[in-house]
Structures are given as structure tokens and as C-alpha cells.
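In case you want the letters, here they are:
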Amino acid sequence: MAKRKAKSSPQKIPYLKPLPRKAWAVIAAVFLVIAGIIWWRDSKDENQWEFVSKFGIRLPLRYAIHGIDVSHHNAKINWDKLKRTRSGEVGIDFVYIKATEGATHLDRQFKRNWAEAKRVGMKRGAYHFYNPRVMSDKQVQNFIGQVRMEPGDLPPVLDLETHAGRPDDIIIKGVRNWLTQVEGHYGVRPIIYVNEHFYKKYIAGNFDDYPLWLAGYSRNDISDLAHDAQVLFWQHSEKGWADGIRGFVDYNVFLHEPEDWEGLAP
């Protein structure tokens, strides 16, 4: 015989006590602190950083002119796709192309990249990777022997990224010689590319009258560097994307006004 089910007593709904005034005050204070932090961060974001999915990185949209630098590490570039790369009002306005390194090395993609940039109508510039172990005279001859600048091209760049175990005074002397001879050949003052450490170690106080291109990937701002120098470019990321290029590419921004940009190329 089935047993009769016992009637279950109705469950009691637990009574939730209202939070005391002190607890509400703490919650309100926390909310105000978070809101204040957000407001302070946004008010300090003078460079107007914004993630742009097309490029895969944040860009400082305060600046109007954006560009990249390439070498054989970026393999064979589809320059037609690269030229068309755009997200809203942001495109790739210039490209610096590795030309030479040391006394004899020519980047294996330079001739193609140099010609293709001109063909698609991209503003272009060439850079030399400086090797402190090699005589600077030979490095000058390597660069000017390969790079034929034309009206509208950006100034040549000396890329100083390694000390190669050489004394500071030797490096400074060699860099000065390269800059002087290259300026004499092309009739335009070269730009020096360095990171923050090399800027402080070799450039500050020695080359303050030269325009600079500074690399700084972990920074949101660069205004505290090179107060007395003319900083033209900031390389702010090495992890960007661009149509026509496989893998990552370096992104740079021109730190001045568009009207200054028009007068940069000789």
C-alpha cells in the first residue's frame, strides 16, 4: 500500500535587511573614486589613444599623419593593398624603407620597395642601419651608392640601435661623420632614429641640432623627452597590422601639424 505523502510546510523567505547608511556611504565613495580615476585618465589622454581594429593597435589620434617602416623582415609587400589601407580618416601616409647596413649590406627588398612606393604614390624615405664596428666613411658610401633621392622624398635616416661594444666617443664621432657627409651629399639634414636609452646616452648634448625619430613602445606620451630637440617622429608600436604585409609592422606618427608635414620633404 502506498504511503500518504506528508504535507510540506511552506518555506520561509529569508528577510533581507536593508543596508545601513554607512554601507551605502562606502559604496557611493567607491563609485566616486572609480569615476574620478576614469575622468583623470581621460583628461590626461592628450594624445587621444583609440584602438583601431583595422591596424590591430591603439593609435594616438591627436596626430593626423601616420606611417610605417619596413625592411626585408616584412617579406614581399603588396604595395597596392598597402596604399589602400584605411580606417575612417586614418591611413598610412608615409613609409620609411631600410636601404643599407654597415659597409656592404643592401637590404634584399630595398630596390623593389623603393620603386613600388613611388609607383603607388606613397611618400617614402630611406634609412641606414649603423654598425659602430665599421668605418663610418664606408657606411656613407654604401648608403649614397644605393639611395637615389628624388624631390618629395623624406630626409634620410640614420638608425642607431646597437653599440657593438664600441666606446661612446668612437660611436659619437662616427655618427657625426655619417650625418655630415650624407647631408653634404643630399643637401638635406638627416634624421636620427634611436630609442630612449640611446637618446640619453649618445644623442642628448651631442646632436641637439638634428631632427629625431624616437622609439618608445610602452609610453602613452613622449613630450618629456628631448625638450630642446626637434622630435619629428615617434615609433609607438611594433605590433601593428597593415593590408599587404604579412605579420607585424612598426607604426609611427608625425608629431607636428599637417602644414609642417608638407614642408618636410625637400
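Conventions we followed
- Along each chain, numbering runs from 1 in the same order as the chain's sequence is written.
- Per-residue local features are limited, in this predicted model, to residues with pLDDT of at least 70; the limit for side-chain atom pairs, both in listing and counting, is 80 or more; totals at the level of whole chains, interfaces and linings are taken over all residues.
- No hydrogens and no water enter the side-chain calculation; it runs on all heavy atoms of the structure.
- For helices the rule is a DSSP run of H or I covering at least 4 residues; for strands it is a run of E covering at least 2, with both sets numbered from the N terminus onward.
- Remark: exposure states derive from per-residue accessible area (1.4 Å probe, protein chains only) relative to the maximum for the residue type, with buried under 20%, exposed over 50%, and partly exposed in between.
- Whether two residues touch is decided by their heavy atoms; if any such pair falls within 4.5 Å, the residues are in contact.
- All accessibility values rest on the Shrake-Rupley procedure with a 1.4 Å probe; residue burial counts only the protein chains present in the view.
- Strand pairing is assigned whenever DSSP detects at least two bridges linking the two strands.
- Helix span, as expected, comes to 1.5 Å for every residue beyond the first.
- Think of the arc as the fan of directions from the helix axis to the C-beta atoms.

## Some points on the overall build of the protein
Each helix and strand counted, the protein has seven helices and 13 strands in total. Relative to its 266 residues, the protein shows a buried fraction of 44%. If you take every contact in the protein between residues at least 6 apart in sequence, the share linking residues at least 24 apart comes to 64%. In the form shown here, the protein has an accessible surface area of approximately 15700 Å², with 53% of it arising from carbon and sulfur atoms.

## Considering helix 4 (residues 136–146)
Restricting attention to buried positions, one finds in helix 4 the residues Ser136, Gln139, Val140, Asn142, Phe143 and Ile144. Next to the buried residues of helix 4 lie strand 6 (94–101), strand 7 (105–106), strand 8 (123–129) and helix 5 (168–186).

## Remarks on the pairing of strand 6
Counting buried positions along strand 6 gives seven out of eight residues, so the element sits mostly inside the fold. Relative to strand 6, strand 3 (residues 66–70) is paired through four bridges, and the arrangement is parallel. Each residue of the ladder has a partner; that of Ile68, found in strand 6, is Val95. Here strand 6 runs beside strand 8; their pairing, made up of seven bridges, is parallel. Bridging across to strand 8, Tyr96 finds its partner in Gly125.

## Structural notes on the side chain of His128
Here His128 shows up in strand 8. Non-local contacts of His128, meaning those with residues more than four positions away in its chain, are made with Thr100, Glu101, Gly102, Gln139, Asn142, Phe143, Val157, Leu158, Asp159 and Trp178.

## Quick notes on helix 5
The terminal C-alpha atoms of helix 5, which comprises 19 residues, lie 27 Å apart, in line with the 27 Å expected from a rise of 1.5 Å per residue. Here helix 5 has its buried residues at Ile171, Ile172, Gly174, Val175, Trp178, Leu179, Val182 and Tyr186. End-on view of helix 5: buried residues confined to an arc of 165 degrees, all on one side of the axis. Turned more than 90 degrees off the buried face of helix 5, the exposed positions are Asp169, Lys173 and Gly184. The inward-facing, buried residues of helix 5 contact strand 8, helix 4, strand 9 (157–159), strand 10 (191–195) and helix 6 (196–203). Looking one or two places after helix 5, you find Gly187, whose phi comes out positive at around 75 degrees.

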